[in-house]
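Examination of the molecular architecture
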Amino acid sequence: MKKMFAAALLACMVSISLSAQDDAEKSKTLGGSAGLRLSILGIEPTASFIFNHMEIEASCPLARYSMDSNATIGYAPGASFGYISSPFDKGWQNGVGISYYWFTPSYIDSVAAIFSGVTSTAQNGNLHAFSLYYRGGIRFRKGFNMYFRVMVPLVLYAHSDTDKTVISIIDREFVSVMLLGCLCTQAIGFRFTF
């Protein structure tokens, strides 16, 4: 009888502890995340700060498409700001917002084949991209998230020492660039929310 009573008491304590842990996560308003995404852009480490339902994320795709010994790793730092539904609850999450990427000359050199049709200016200088994004995924217990992300480019600004180019979503020739951008920026990833 004592063993049954002890087992029931232990089960009750574990249940209360798990319930209190879930309640603490539901009332949580401040946190962050760290993770990794994969797309045609490359491997992209991410980190974010979350307050209520707003999120500021920093990321940086890294790419090396050339296999010779002189190849360098290209990088493209970026940041995004947006809304995320139920950031600390289990289940499906939606996120929408705006993002910015700076495709550095080293990054453009490493992926020259992809950018060759976009603009010759981009190959010789810097490319800045402003986009809308949607991120959807599922959050499991203990803060593990799996998700996908799609971006729609709105404005591209390319500049070099001799030339500057601005292409926006209202330009007719931007449609092909926008479609290429959507294909290149589809990403899958995981992150841990804390």
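Refer to the structure above for everything that follows.
Counting restarts for each chain: residues are numbered from 1 in the order of the written sequence. Local features are withheld for residues below a pLDDT of 70 in this predicted model, meaning they are given only at 70 or higher, and side-chain atom pairs are given and counted only at 80 or more; totals for whole chains, interfaces and linings count all residues. Remark: hydrogens and water are excluded; side-chain values derive from all non-hydrogen atoms of the structure.

Turning to the pattern of salt bridges, a few remarks are in order. In what follows, salt bridge is the name for a side-chain nitrogen of Lys or Arg lying within 4 Å of a carboxyl oxygen of Asp or Glu. The full count for this structure, using the stated rule, is six salt bridges. The residue R149 makes a salt bridge to E44 at a minimum N-O spacing of 3.9 Å. With a gap of 105 residues between them, R149 in strand β9 (residues 144-159) and E44 in strand β2 (residues 42-51) connect regions that are remote in the sequence. For the pair formed by R149 and E44, the shared burial category is buried. For R191, the salt bridge is made with E55, and the minimal N-O distance between the two is 2.6 Å. Residue R191 is found in strand β11 (residues 187-193), and its partner E55 is found in strand β3 (residues 54-59); the two are separated by 136 residues along the sequence. Each member of the pair R191 and E55 is classed as buried. One network of salt bridges, with partners in common, ties together R37, E44, E55, E57, R135, R149 and R191. Each helix is a run of H or I in the DSSP string that is no shorter than four residues. Each strand is a run of E no shorter than two, and both are numbered from the N terminus. Residue burial is assigned from relative accessible area. The probe radius is 1.4 Å, only protein chains are included, and a residue is buried under 20% of its type maximum, exposed over 50%, and partly exposed in between.

In this section: the side chain of Q93. With respect to the helices and strands, Q93 occurs in strand β7 (residues 91-103). For Q93, a relative accessible area of 5% puts it in the buried group. Whenever two N or O atoms come within 3.5 Å, that pair is a polar contact, provided that in protein one can donate a hydrogen and the other can accept it, and provided that, for residues adjacent in sequence, both atoms are side-chain atoms. Here the side chain of Q93 touches S86 through a polar contact of 3.0 Å, landing on its backbone oxygen. The contact definition used throughout considers only heavy atoms, calling two residues in contact when any of these lie within 4.5 Å. Each residue touching Q93, except ones within four places of it in the same chain, is listed here: I84, S85, S86, P87, F88, R135, G136, G137, R139, N145 and R191.

A ring pair, where both rings are aromatic, is described by two values, the distance of the centres and the angle of the planes. Centres within 6.5 Å make a pair out of two Phe, Tyr or Trp rings, where for Trp the six-membered ring is used; the pair is then stacked when the planes are under 30 degrees apart, edge-to-face when over 60, and tilted otherwise. In total, this model carries eight aromatic pairs according to the counting rule given. Plain terms: the ring middles of Y101 and F103 are 5.9 Å apart, the flat faces sit at 20° to each other, and that makes the pair stacked. Accessibility classification places Y101 together with F103 in one group, the buried group. Taking the centre distance of 5.2 Å and the plane angle of 50° together, the rings of F144 and F192 count as tilted. Taken as a pair, F144 in strand β9 and F192 in strand β11 lie far apart in primary sequence, 48 residues in all. The class of F192 is partly exposed, set by a relative accessible area of 42%.

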